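# Results of the structural survey
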Amino acid sequence: MALDSKIPKGPLSDKWTTHKNNINLVNPANKRNIDVIVVGTGLAGGSAAATLAELGYNVKAFCFQDSPRRAHSIAAQGGINAAKNYQGDGDSTYRLFYDTVKGGDYRSREANVYRLAEVSTNIIDQCVAQGVPFARDYGGLLDNRSFGGVLVSRTFYAKGQTGQQLLLGAYSAMNRQIGRGKIKMYNRHEMLDVVIIDGKARGIITRNLVTGEIERHSGHAVVLGSGGYGNVFYLSTNAMGSNVTAAWKAHKRGAYFANPCYTQIHPTCIPVSGDHQSKLTLMSESLRNDGRIWVPKKLEDAKAIQNKTLKPTAIAEEDRDYFLERRYPAFGNLVPRDVASRAAKERCDAGFGVNATGEAVFLDFASAIIRYGKEQAHVKGLNENDENLVKSLGKKVVKSKYGNLFQMYEKIVDENPYETPMMIYPAVHYTMGGIWVDYNLQTTVPGLYAIGEANFSDHGANRLGASALMQGLADGYFVLPYTIGNYLSDDIRTGAISTESKEFEEAEKNVRQQIDKLINNKGTKPVDYFHKRLGKIMWNKCGMARNEKELKEAIEEISALREEFYKEVLVPGDANEFNEELAKAGRVADFLELGELFAKDALVREESAGGHFREEYQTAEGEAQRRKEFQFVSAWEYKGEPKDAQLHKEELVYENIEVKERSYK
Ligand SMILES: Cc1cc2nc3c(=O)[nH]c(=O)nc-3n(C[C@H](O)[C@H](O)[C@H](O)COP(=O)(O)OP(=O)(O)OC[C@H]3O[C@@H](n4cnc5c(N)ncnc54)[C@H](O)[C@@H]3O)c2cc1C
């Protein structure tokens, strides 16, 4: 099938308005006769469900947690971007568009990104109206800070808990509709298949995670807001439950999977401490506003720190290598995540790492504490030369900005980051790849939509900080509710979709077979055994740096591991009860297929772009080297085994932005 991205004609800045003016609408009375299924109630799914219900559609919303409030979105710390230009620092819709396309290393679709920048301002108004407590400045106006890859302050935030506050807003909006009976909420339900009737998505099959019951649900359209798949790496900053199953099942039913190998490795995470770990913790990018990243200049100092015979605070200023400031003076510590991650890896690979494993760099707030402290002393008319006073005043400012993050760090690492620099290292954080969607956010299956992190849409090869929340809420509050109407306008006379069809029958059978297979396998190894091994292959051979040889090995190894999984996996308990191990087994089975496609995608892409770094393609300075021939989205069609997946290309056309060398110097 040829890919049609359905980008509206006309000038970039008019496309969205023109499109909205021309697409079909469904009148309010007819909306009452239309059912929409929304899988996922994080920021993307939650905002979509609430808005669709407010518009009058009957919404059935699903999540696997016990409440939408527990979606992974709640973990988002640093903030959400919007081109409000409240700081008067030169921001604009165009600049946000430009930064996002450049940040993504010129591998995203212009029209989608421009629309994202356009609606970004509405999101802030919407959330403020809901009562989201964004940080405010001294005068009571909304405050901003800066994130990587940009030269303006456009990030709105609520301390280090922005996702939580935004989710409470979306959840309240959903609850109003649950109260009105317009949203029927199915907590603890896991979608395990999509039902396609006459080529259109018409329903889903779910498993009730508490009782084990398999259920059929029908709708006129299905929306997937099921999040990202970073947990294919086993260790990531994602919530433990985040998985690819919903997206993967959709892929198997005809939805193309785009750019699966585009993963974001976030530079500021608490380093891995051992094999027992099941989760990694992010230290928000917002910390790079004030924290300075460094390693010792001298190898002997690095070794002494690794052996704990030298304290970082004992290293003189001139013996510290602030490598981001050195290499990228214009953006300094606020270079994009892919650039910062690679630079940290480069220093650690050269032996300058600062923890026992040699895989950590410092994130240091000492200068910020002094800077803020002096300012406070000046403002209060106190002695700016009193070192203790200045430090104490400075710490208070830092605490007011990042207090909860510092507390979290201290709890995990047992070191006080106000006194000694934090240790950080890159970790898997976000997936730019996902289900391919057109301008309307529709997948290659009519009536099946994908929003938020589940789709591939706006971030190209690298997502800029604070843009995921922006995209998820743009999709859910402001884009999908319009575009889905165009599709549903054909369904006003369809009537309720029966679940008693052969297609529902077949999909349910398919789900039951997989569950029976896993439960009856009675192997000897727990699910995590396979997940950990998959994670190791992914991290070592498809991680921050990849090459042809290792990618080929990864493909073979993942395929063999999948075979072993089906021979050896042990899933205790029963299918008709609460069985977390069974749910996990199903998710890992899907990761084992996705992982292979991921490696295959990385192998095909013979260039380095953003978060995707092929060692064979780098500049003399070790920067990513893009190639014009690869200016496309890879969209994979399911053909049975991952090795047989068929590649389709969506060529990316840049008419409003000049594709240049991506420099942050
Ligand atoms: C630690 C951390 C901090 C972050 N900080 C920021 C930040 O400051 N700014 C920013 O912009 N981004 C941030 N991000 C990224 C951002 O949080 C996510 O990209 C975003 O929240 C994803 O939202 P979502 O709605 O697409 O998916 P999610 O929030 O992951 O929600 C997925 C939903 O789908 C449901 N689901 C999944 N599969 C199924 C299934 N099979 N059946 C039924 N339901 C299913 C889940 O139950 C859940 O409700 C951060 C990410 C992490 C990990």
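Further up the page is the structure itself.
All values derive from a computational prediction rather than experimental measurement.

What counts, and where the lines are drawn
- Residues numbered from 1 in each chain as written.
- Predicted model: local features only at pLDDT ≥ 70, side-chain atom pairs only at ≥ 80, totals over all residues.
- Heavy atoms only, no water.
- Helix = DSSP H or I, 4+ residues; strand = E, 2+ residues; numbered from the N terminus.
- Rg over C-alpha atoms; globule rule 2.2 N^0.38 Å.
- Buried < 20%, exposed > 50% of the residue type's maximum accessible area, 1.4 Å probe, protein only.
- Areas by Shrake-Rupley, 256 points an atom, 1.4 Å probe, with all protein chains shown as cover.
- Lys, Arg positive; Asp, Glu negative; His and termini not counted.
- Charge placed at Lys NZ, Arg CZ, Asp CG, Glu CD.
- Disulfide = S-S within 2.5 Å.
- Pairing = 2+ DSSP bridges.
- Contact = heavy atoms within 4.5 Å.
- Axes fitted to C-alpha atoms, helices over the stretch in contact; angles between N-to-C directions.
- Near = heavy atom within 4 Å.
- Polar contact = N/O pair within 3.5 Å; in protein donor to acceptor, adjacent residues only side chain to side chain.
- Nonpolar A, V, L, I, M, F, W, Y, C, P; charged D, E, K, R; others polar.
- Phe/Tyr/Trp six-rings, centres within 6.5 Å; stacked < 30°, edge-to-face > 60°.
- Lys NZ or Arg CZ within 6 Å of the ring centre and 35° of its normal.

A few words now on the overall build of the chain. Per the secondary structure count, the chain includes 17 helices and 19 strands. Taking 26 Å as the expected radius of gyration for a compact globule of 665 residues, we find that the chain reaches 25 Å, a close match to that expectation. Along the three orthogonal principal directions, the C-alpha set of the chain runs to about 80 × 55 × 50 Å. Sorting the 665 residues of the chain into buried and exposed places 61% on the buried side. A total of about 25,300 Å² of accessible surface is found on the chain, and carbon and sulfur atoms cover 48% of it. Taking the average location of the 86 positive side-chain charges in the chain and that of its 86 negative ones, the two points are 3 Å from each other.

Across all of its chains, the model carries 0 disulfides by this definition. No disulfide involves Cys127; its nearest neighbouring cysteine sulfur is the one of Cys63, lying 20 Å away. No disulfide involves Cys542; its nearest neighbouring cysteine sulfur is the one of Cys261, lying 8.9 Å away. On the basis of relative accessibility, which here comes to 0%, the residue Cys542 falls in the buried class.

Let's shift gears to the pairing of strand β8 (residues 214-218). Summarising burial for β8: 4 of the 5 residues are buried, a large majority. In this sheet, β8 lies alongside strand β7 (residues 200-208) in antiparallel orientation, the contact comprising 5 bridges. Counterpart to Thr206 in the pairing with β8 is Glu215. Hairpin connection between β7 and β8: a loop of 5 residues separates the two successive antiparallel strands, and Gly212 in this loop has a positive phi of roughly 85°.

Attention now goes to the side chain of Gln306. With respect to the secondary-structure elements, Gln306 resides in helix α8 (residues 299-306). A relative accessible area of 17% means that Gln306 is categorised as buried. If we ignore the near neighbours within four places in the chain, the residues touching Gln306 are Gly351, Phe352, Gly353, Val354, Asn355, Ala356 and Gly358.

Take the sheet that holds strand β1 (residues 35-39) next. Strands sit in the order β5-β2-β1-β9-β17 across an open sheet of 5 strands; the sheet is parallel. Two strands close off the open sheet at either side, each with one partner strand: β5 (183-186) and β17 (448-450). Each adjacent strand pair in this sheet contributes to an overall mean axis angle of 20°, direction not counted. Note that strand β2 (residues 58-62) and β5 share 4 bridges and pair parallel. Bridge pairing links Lys60 to Lys184 in β5. Across the face of the sheet, helix α6 (residues 162-180) comes into contact with β2 and β5 while running at roughly 110° to β5.

So, about the side chain of Lys249. With respect to the helices, strands and loops of the structure, Lys249 is situated in helix α7 (residues 245-252). In contact with Lys249, not counting residues within four places along its chain, are Met191, Leu192, Asp193 and Asp590.

So, about the site of the ligand. Near the ligand there are 37 residues, and of these Gln65, Ser73, Gly78, Met191 and Glu453 occur at the shortest range. One nitrogen or oxygen atom from the main chain of Gly78 is found 2.7 Å from an oxygen atom belonging to the ligand. Between Gly79 and the ligand, the recorded distance is 2.8 Å, taken from a backbone N or O atom to a nitrogen atom. Relative to its unbound accessible surface of 1,000 Å², the ligand loses 97% to contact with the protein. Here the shell around the ligand is composed, by residue class, of 16 nonpolar, 18 polar and 3 charged.

Turning next to the packing of aromatic side chains. For the coordinates displayed, the defined rule picks out 26 aromatic pairs. Taking 5.8 Å as the distance between ring centres and 75° as the angle between the ring planes, the aromatic pair formed by Tyr86 and Phe156 counts as edge-to-face. With a gap of 70 residues between them, Tyr86 in the loop between β3 (80-81) and α4 (93-103) and Phe156 in strand β4 (residues 155-156) connect regions that are remote in the sequence. Classification of Tyr86 by relative accessible area gives partly exposed; the value is 44%. Here Phe530 and Phe565 contribute two aromatic rings whose centre-to-centre distance is 5.4 Å and whose plane-to-plane angle is 85°, an arrangement assigned as edge-to-face. Taken together, the positions of Phe530 in helix α15 (residues 527-542) and Phe565 in helix α16 (residues 548-568) put the pair 35 residues apart, joining distant regions of the chain. Taken individually, Phe530 and Phe565 each receive the classification buried, so the pair is uniform in this respect. Connected via pairs of aromatic rings, a cluster forms that spans Tyr94, Phe97, Tyr98 and Tyr114. Above the face of the Tyr664 ring, Lys102 is positioned so that its terminal group lies 4.2 Å from the ring centre. If you follow Lys649 out to its NZ or CZ, it ends over the ring of Phe632, 4.7 Å from the centre.

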